[in-house]
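Breakdown of the fold
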Amino acid sequence: MSIVALWWQAVRPFAFTVSLIPPILGAVTALIDNPGLDLNFFRLVLTGLGCMTAHAGANLLSDYYDYKAKVDREGTFGSSGLLVAGAMKPSQVLGGGGIAMVIAGLIGAYLVYVTPGGGFLIWLILIGAILGVFYTAGPIQFKYRALGDMAVFVSFGPAMVLGAYYVQAHRFSWLPVLYSIPIGLLVDAVLHSNNLRDIANDKVVNIKTVPILIGENRAKFMYYGLVFGAYATTLALIVFAGLTLFSLIVFLSFPLALRAANMVRHKDDLAAGQFAVIDAVTAQIHLAFGLLTVTALGVQYAIAGSV
């Protein structure tokens, strides 16, 4: 495998949709919430690149620390698998993660500099950095202390969406925070499905995840709550927070949610290899749901602008 292919696999690009959709959602929300606002496309692209680069860095650091803690080892699922296979050295992965975080930080610093009132962005960037770096790194290790769900919900939900909103609108609003809740629930569902799959393997190394703490049966119901909660929250946002009926198109992704929920329900009847893809299946829900949400908001903005 070429060095480019190795690094491409190492950063796990299949998951980048969870860090690309939030910036787009934040920007479109800014257009809706601020009539007459002109979208700064260059800064939107930079915001997206910054979010994805930080995501790549967090993935690499997570791989390194999971490998060191023996969370990732022969016979386990998850991560890029390159360290377990010996295809890359731990120092390479750690260094790559550090470089990615520095690049993301430089992009963030530029956006702080060019955004009026950019000091507010510093807090969001700091929150994202703490949650990303210390997701598996000591001394905090959010993932190993059953705080990973909180970390990914905040990082890939309100923090990213509000940050992208602020870059465009230069002010705080609760609207992007509210609109981020459904996709935040779904990105947590991706992590939760991973932890549900890995209960037995994670117990061996004595780490704590939510499924380990509450047990497999309750963890299954939590998964249903996260996935179907995204749809329920969308309905609530239509009623109470200004989403139009166009947002009902997110239900076009509902069959994917039913498929994933059925996999979780019949987890014990599936071979380990069959259930291993539950995180990827859940990520497909996030992608479809997120794209449909952005499309609905885009239609909402277009119609409002033509009236």
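Look a little higher up for the structure.
Structure report, in brief. Quick caveat: nothing in here was measured; it's all calculated off a predicted structure.

So, helix α7 (residues 148–169)
- The terminal C-alpha atoms of α7 lie 30 Å apart, and with 22 residues this matches the ideal 32 Å at 1.5 Å per residue to within 8%.
- By the largest-angle criterion, V154 marks the main kink of α7, which is about 35 degrees, and a proline, P158, follows within four residues.
- Burial analysis of α7 places 19 of its 22 residues in the buried class, which makes it a mostly covered element.

Examining the nonpolar core
- Core analysis: the biggest nonpolar cluster contains 38 residues, and Y223, V227 and I285 have the highest contact counts within it.
- Those elements giving two or more residues to this core turn out to be α2 (17–33), α8 (174–179), α9 (181–197), α12 (216–240), α13 (254–265) and α15 (278–306).
- Here the element with the most residues in this core is α12; it accounts for 9 residues.
- Once you skip the residues sitting within four places of it in the chain, Y223 turns out to touch A189, H192, S193, A260, A261, V264, I278, T282 and I285.
- Within the second largest apolar cluster, 12 residues are counted, among which are A56, L60, M88 and V93.

Structural notes on the pattern of salt bridges
- The final tally for this structure, using the stated rule, is 7 salt bridges.
- Here D66 and K143 are joined by a salt bridge, their closest N and O atoms 2.6 Å apart. Taken together, the residues D66 in helix α3 (residues 41–68) and K143 in the loop between α6 (119–133) and α7 connect sequence positions 77 residues apart. Just as D66 is buried, K143 falls in that class too.
- A salt bridge links D198 to R197; the nearest nitrogen and oxygen atoms lie 2.9 Å apart.

Looking at the packing of aromatic side chains
- Counting across every chain of the model gives 10 aromatic pairs.
- Centroid distance F221 to Y224: 5.6 Å. Interplanar angle 85 degrees. Geometry classified as edge-to-face. Of this pair, F221 and Y224 are both found in helix α12, 3 residues apart, which corresponds to roughly one turn of the helix.
- Pairing Y231 with F289 gives two aromatic rings, centres 5.1 Å apart and planes at 85 degrees, and the pair type is edge-to-face. Note that Y231 is positioned in helix α12 and F289 in helix α15, a separation of 58 residues in sequence. The exposure classification of Y231 matches that of F289, with both residues buried.
- Among the aromatic residues, those joined into a ring-pair cluster are F228, Y231, F251, F254 and F289.

Observations regarding the side chain of T47
- Tracing the sequence through the fold places T47 in helix α3.
- T47 gets classed as buried once you look at its relative accessible area, which sits at 7%.
- Of the polar contacts made by the side chain of T47, one reaches the backbone oxygen of R43; its length is 2.6 Å.
- Apart from residues no more than four positions distant in its own chain, T47 is found in contact with P23, L111, A164 and V167.

Definitions and limits used
Residues numbered from 1 in each chain as written. Predicted model: local features only at pLDDT ≥ 70, side-chain atom pairs only at ≥ 80, totals over all residues. Heavy atoms only, no water. Helix = DSSP H or I, 4+ residues; strand = E, 2+ residues; numbered from the N terminus. Expected span 1.5 Å × (residues − 1). Bend = angle between axes of the 7 residues up to and from the residue. Buried < 20%, exposed > 50% of the residue type's maximum accessible area, 1.4 Å probe, protein only. Core = buried A, V, L, I, M, F, W, Y, C linked by side-chain atoms within 4.5 Å. Contact = heavy atoms within 4.5 Å. Salt bridge = Lys/Arg side-chain N within 4 Å of Asp/Glu carboxyl O. Phe/Tyr/Trp six-rings, centres within 6.5 Å; stacked < 30°, edge-to-face > 60°. Polar contact = N/O pair within 3.5 Å; in protein donor to acceptor, adjacent residues only side chain to side chain.

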